[in-house]
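Architecture at a glance
This is what each chain is made of:
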Amino acid sequence: QVQLVESGGGSVQPGGSLRLSCAASGILFSIYHMAWYRQAPGKQRELVATIPSDGTTKYDDSVKGRFTISRDNAKNTVYLQMNGLKPEDTAVYYCNAVFGGENRWGQGTQVTVSS
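First, a word on scope: everything that follows refers to the structure included in this document. (Residues numbered from 1 in each chain as written. Predicted model: local features only at pLDDT ≥ 70, side-chain atom pairs only at ≥ 80, totals over all residues. Heavy atoms only, no water.)

Glancing now at the sheet that holds strand S3 (residues 18-25). The antiparallel open sheet is built from four strands, whose spatial order is S1-S3-S8-S7. Either end of the sheet is taken by a strand with one partner, and the two such strands are strand S1 (3-7) and strand S7 (67-72). Strand-to-strand, the axes of this sheet are offset by a mean angle of 15°, without reference to chain direction. Summarising the sheet, S3 and strand S8 (residues 77-82) pair through six bridges and their orientation is antiparallel. Across the sheet, the residue bridging to Leu18 is Met82, located in S8. (Pairing = 2+ DSSP bridges. Helix = DSSP H or I, 4+ residues; strand = E, 2+ residues; numbered from the N terminus. Axes fitted to C-alpha atoms, helices over the stretch in contact; angles between N-to-C directions.)

Below is the structure:
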């Protein structure tokens, strides 16, 4: 069974850091296009960062320079390093995996940034 399991969320003060992890199973991870999305209360889900199989990265302007997406194919894991966190980063963060007609989602992990 295909599974994406996020971890690493929590509550931090503004300016703090968190590293999210997404562990994949049931897929040939190395060929999948991976991404992180987030959804704040009352808002649409939005794309945060992407990293395809070739390692190229893209970021939403709101997180550029603060967040870093990476992947470790040997561990079937994608990461999101989040630095300089702001209250507006508060959301549920979701891991996403895409290959051809397949589109998989994790269960989400809560990130709360407040003073």
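Below, the discussion takes up the packing of aromatic side chains. Applying the stated criterion across every chain, the model contains two aromatic pairs. Measuring from ring centre to ring centre gives 5.6 Å for Tyr32 and Phe99, while their planes differ by 40°; the resulting arrangement is tilted. One end of the pair, Tyr32, is in the loop between S3 and strand S4 (33-39); the other, Phe99, is in strand S9 (residues 91-99), with 67 residues separating them in the sequence. Of the residues examined, Tyr32 reaches a relative accessible area of 7% and is grouped as buried. Positioned above the aromatic ring of Tyr94 is the side chain of Arg45, whose terminal nitrogen or guanidinium carbon lies 3.8 Å from the ring centre. Directly above the ring of Trp105 sits Arg45, whose terminal nitrogen or CZ lies 4.7 Å from the centroid. (Phe/Tyr/Trp six-rings, centres within 6.5 Å; stacked < 30°, edge-to-face > 60°. Buried < 20%, exposed > 50% of the residue type's maximum accessible area, 1.4 Å probe, protein only. Lys NZ or Arg CZ within 6 Å of the ring centre and 35° of its normal.)

In the structure shown here, the tally under the stated rule is five salt bridges. We note a salt bridge from Lys64 to Asp61, for which the minimum N-O separation is 3.0 Å. We note a salt bridge from Glu102 to Arg104, for which the minimum N-O separation is 2.4 Å. Residue class for Glu102 comes out partly exposed when judged on its relative accessible area of 33%. On the basis of relative accessibility, which here comes to 29%, the residue Arg104 falls in the partly exposed class. Taken together, the shared-partner salt bridges in this structure form one network comprising Arg38, Glu46, Arg66 and Asp89. (Salt bridge = Lys/Arg side-chain N within 4 Å of Asp/Glu carboxyl O.)

Geometry only, nothing functional implied.
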